[in-house]
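Single-letter residue listing:
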Amino acid sequence: MEVPGSRILMVEGNAALAVAKALASDTRQAMLGMLTHQVLNVSELATAMDLPHSTVSFNINQLQAVGLVSVEVEPGTRGQQKLCSKRYDEVRLRLPGAAVESKPNVISINMPIGSYRHVEAKPTCGLVSETKIIGMLDDPRSFFEPEHVYAQLLWFGGDGYVEYAFPNNLPYGAVPTHLELSMEICSEAPQFNEDWPSDLTLWINEVEIGTWTCPGDYGGKPSLLMPSWWQTDRTTHGLLKQWSVGPKASMIDGVELSAVGIEQLTLPQTNHIKVRLGVKPDARNRGGMNLFGRKFGNYPQDIVMRVTFDFPRGTGPGL
């Protein structure tokens, strides 16, 4: 139960693993308990816990590294002293996966880019989390590392694809009227190249929605969400694109791509919505693809799907 006024730390991905490891210690948990209502220096903690000064310093450093305590250095009676205080009262772990939000007649689903179901990738290729490279660069096997669910940027050269299974949360009896899909994407060149076209194609439930030619691969300057350890001589950001399927046509950013209408996706008959994004082997511009998560690039979002629906007259909840 949430305590009113409590300080809550939300963590996920590699940060969640680090916090869990820091808490997996009786000594460190006892320290957090002692710091709940008071600020203590390292010497006071050592005396209260009957532990060597070095042991207390080591464990405080572990807690400080994951943000659970703050340490301030101030003048003391014998030189400087480190004052330790507890920063949070609760820690909540967010598990990887799709987040679903429902509004009247609209379903919104946020899909992390690392939660793909299938992938076909060729060098240049790779994926990174917020804090590190996952597996090895230019090795397609890295896409099957368990840590791939934490990816915030993934890329492949030439042709290939990534495929996701979105939950189908349409109410029974509802008729979908519009589907939108948005993500930050660009081409994939060695390093980066703003003049590197790539024909990116979208399929939904195995129906080809259309192809958009991305002009290039963008880098050379920091993006708003680029991790500090990433280098600007690589891809740093993409373009935010919105695909949509309406009653009679499919579009990207309001420009018609094809005559595919939403009925052709047969959404009411499926238990999930299959989304594939990639480059065809026979595409004219096989320039690969970069796909950005909410902690990379310029836009703080995952792959976002919104489905608008109606109920036929005389049907629906409560009727």
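Shown above is the structure to which this text applies.
Residues numbered from 1 in each chain as written. Predicted model: local features only at pLDDT ≥ 70, side-chain atom pairs only at ≥ 80, totals over all residues. Heavy atoms only, no water.

### What about the overall build of the chain?
Along the chain, the regular secondary structure elements total four helices and 22 strands. Across its three principal axes, the chain shows a C-alpha extent of roughly 80 × 55 × 30 Å. Buried residues in the chain amount to 45% of all 319 residues. A fraction of 68% describes how many contacts in the chain between residues 6 or more apart in sequence connect residues 24 or more apart. Carbon and sulfur atoms form 52% of the exposed surface of the chain, whose accessible area is close to 16400 Å². Seen as two clouds, the 27 positive and the 34 negative side-chain charges of the chain have centres 2 Å apart. (Helix = DSSP H or I, 4+ residues; strand = E, 2+ residues; numbered from the N terminus. Buried < 20%, exposed > 50% of the residue type's maximum accessible area, 1.4 Å probe, protein only. Contact = heavy atoms within 4.5 Å. Areas by Shrake-Rupley, 256 points an atom, 1.4 Å probe, with all protein chains shown as cover. Lys, Arg positive; Asp, Glu negative; His and termini not counted. Charge placed at Lys NZ, Arg CZ, Asp CG, Glu CD.)

### Thoughts on the nonpolar core
Note that soluble globular proteins tend to have their nonpolar side chains buried in a common cluster. Core analysis: the biggest nonpolar cluster contains 57 residues, and Leu-154, Tyr-164, Phe-166, Leu-181, Leu-265, Leu-291 and Ile-303 have the highest contact counts within it. The residues contacting Leu-291, other than those within four sequence positions of it, are Ile-113, Gln-152, Leu-153, Leu-154, Val-162, Tyr-164, Met-183, Glu-184, Ile-185 and Ile-303. Counting residues in each nonpolar core, the second largest holds 20 residues, with Ala-16, Val-42, Leu-63 and Val-69 among its members. (Core = buried A, V, L, I, M, F, W, Y, C linked by side-chain atoms within 4.5 Å.)

### Comments concerning the sheet that holds strand E13 (residues 198-204)
With antiparallel pairing, the five strands of this open sheet are ordered in space as E8-E11-E20-E13-E14. The sheet terminates laterally at strand E8 (118-120) and strand E14 (207-214), the two strands that pair on one side only. Averaged over neighbouring strand pairs, the angle between their axes works out to 15° when direction is ignored. In terms of strand pairing, E8 meets strand E11 (residues 160-167) through three bridges, oriented antiparallel. Bridging across to E11, Val-119 finds its partner in Val-162. (Pairing = 2+ DSSP bridges. Axes fitted to C-alpha atoms, helices over the stretch in contact; angles between N-to-C directions.)

### Re the packing of helix H2 (residues 26-34) against helix H4 (residues 53-65)
For the pair H2 and H4, interaxial distance at closest approach is 10 Å and the crossing angle is 80°. Comparing their axes, H4 and H2 come out roughly perpendicular. Listed contacts from H4 to Thr-27, Arg-28, Met-31 and Leu-32 of H2 are Val-56, Phe-58, Asn-59, Ile-60, Gln-62 and Leu-63. (Parallel < 35°, antiparallel > 145°, perpendicular 65-115°, else oblique.)

### Notes on the pairing of strand E4 (residues 79-86)
Two strands pair when backbone bridges link them, and strand E2 (residues 40-41) and E4 are joined in this way by two bridges, in the antiparallel orientation. The residue bridging Asn-41 from the neighbouring strand is Leu-83, located in E4. Relative to E4, strand E3 (residues 69-76) runs antiparallel, the two sharing eight bridges. Looking at the pairing, Glu-72 lines up with Leu-83 of E4.

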